[in-house]
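Here's the letter readout for the chains.
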Amino acid sequence: MLTKIQVARLDEIDRLGARTVTIGDKEVAIFRLSDGTVRAIENRCPHKAGRLSEGMVCGAAVHCPLHDWKIDLTSGQVREPDHGQVTVYETEIDEKDGAIYISL
């Protein structure tokens, strides 16, 4: 069963910005893309555990700050030539108040 949790408000995250939240034992990176969409992924690169929330967002990918691995923010898949995957969390924005929710 999925649980929907409010993690932020849209106005708290700049475009191309990120925020980190801890929910239980999970650290989640929340990104706001240039088109205004919001994506949420596990905040840990599968290579050397770099904090993805500290990486640079380019299009729909984040570049790991440690070794520049590129992780797709929609699928969680690491882009070639590297390989691996991170957990992606479904996001929802409340149109009325801008609350951002993720589903765990």
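These numbers come from a predicted model, not from an experiment.

1. A look at the overall build of the protein chain
Logical step 1: Helix and strand counts for the protein chain stand at 0 helices and 9 strands.
Logical step 2: Its helices and strands taken in sequence order, the protein chain reads β-β-β-β-β-β-β-β-β from the N to the C terminus.
Logical step 3: The principal-axis extents of the C-alpha atoms in the protein chain amount to approximately 40 × 30 × 20 Å.
Logical step 4: Counting across all 104 residues of the protein chain, residues that qualify as buried make up 39%.
Logical step 5: The long-range share in the protein chain, meaning contacts at least 24 apart out of those at least 6 apart in sequence, stands at 37%.
Logical step 6: Roughly 6000 Å² of accessible area belongs to the protein chain as shown, and the carbon and sulfur atoms make up 46% of that amount.
Logical step 7: Each charge class in the protein chain can be summarised by its mean position, and for the 13 positive and 17 negative side chains these summaries are 1 Å apart.

2. Notes on the nonpolar core
Logical step 1: The biggest cluster of nonpolar side chains holds 14 residues, and the ones touching the most others in it are F31, I41, L52, V62, I71 and L73.
Logical step 2: Non-local contacts of L52, meaning those with residues more than four positions away in its chain, are made with F31, I41, E42, N43, R44, C45, V62, C64, P65, I71 and V86.

3. Examining the UniProt feature "domain: Rieske" (unreviewed entry) in the protein chain
Logical step 1: Here the UniProt-annotated "domain: Rieske" (unreviewed entry) positions come out as residues 5-102.
Logical step 2: As a span, residues 5-102 carries 0% helix and 43% strand, and end to end its C-alpha atoms are 5 Å apart.

4. Examining the sheet that holds strand β9 (residues 99-103)
Logical step 1: An order of β1-β9-β8-β4-β3-β2 is seen for the 6 strands of this open sheet, with the pairing classed as antiparallel. Each of the sheet's edge strands pairs with one partner strand only, and the pair in question is β1 (4-9) and β2 (18-23). This sheet shows a mean twist of 30 degrees between the axes of neighbouring strands, independent of strand direction.
Logical step 2: Across 5 bridges, β1 lies against β9 in antiparallel orientation. Considered in β9, the bridge of K4 is made with S103.

5. Some details on the sheet that holds strand β6 (residues 61-63)
Logical step 1: If you trace the 3 strands from one edge of the open sheet to the other, you get β5-β6-β7, paired in antiparallel fashion. Strands at the two margins of the open sheet, each flanked by one partner only, are β5 (56-58) and β7 (70-72). Adjacent strand axes in the sheet meet at a mean angle of 30 degrees, parallel and antiparallel pairs treated alike.
Logical step 2: Where β5 meets β6, 3 bridges bridge the pair, whose relative direction is antiparallel. Its bridge partner lying in β6, M56 is registered against H63.

What counts, and where the lines are drawn
- Residue positions within a chain follow its written sequence, with the count starting from 1.
- Given that this is a predicted model, residues contribute local features only at a pLDDT of at least 70 and side-chain atom pairs are listed and counted only at 80 or more, while totals for whole chains, interfaces and linings are drawn from all residues.
- Only heavy atoms go into the side-chain values, all of them from the structure, while hydrogens and water stay out.
- Secondary structure is summarised from DSSP: a helix means a run of H or I of at least four residues, a strand means a run of E of at least two, and numbering begins at the N terminus for each.
- For every residue, the accessible area obtained with a 1.4 Å probe (protein chains only) is divided by the maximum for its type, and the residue is called buried under 20%, exposed over 50%, and partly exposed between those limits.
- Any two residues whose heavy atoms approach within 4.5 Å are treated as being in contact.
- For every accessible area listed, the method is Shrake-Rupley and the probe measures 1.4 Å; residues are considered covered only by the protein chains on display.
- This count recognises Lys and Arg as positive and Asp and Glu as negative, with His and chain-terminal groups excluded.
- Positions of charges follow a simple convention, taking NZ of Lys, CZ of Arg, CG of Asp or CD of Glu.
- Joining through side-chain atoms within 4.5 Å is the link that ties buried Ala, Val, Leu, Ile, Met, Phe, Trp, Tyr and Cys residues into a set, and such a set is a nonpolar core.
- UniProt positions are given in the numbering used here, feature names are shortened, and annotations may be inferred rather than shown by experiment.
- DSSP calls a pair of strands paired once it identifies at least 2 bridges connecting them.
- For every element, the axis is a line fit to its C-alpha atoms; helices are fit only across the contacting stretch, and the angle between N-to-C directions ranges from 0 to 180 degrees.

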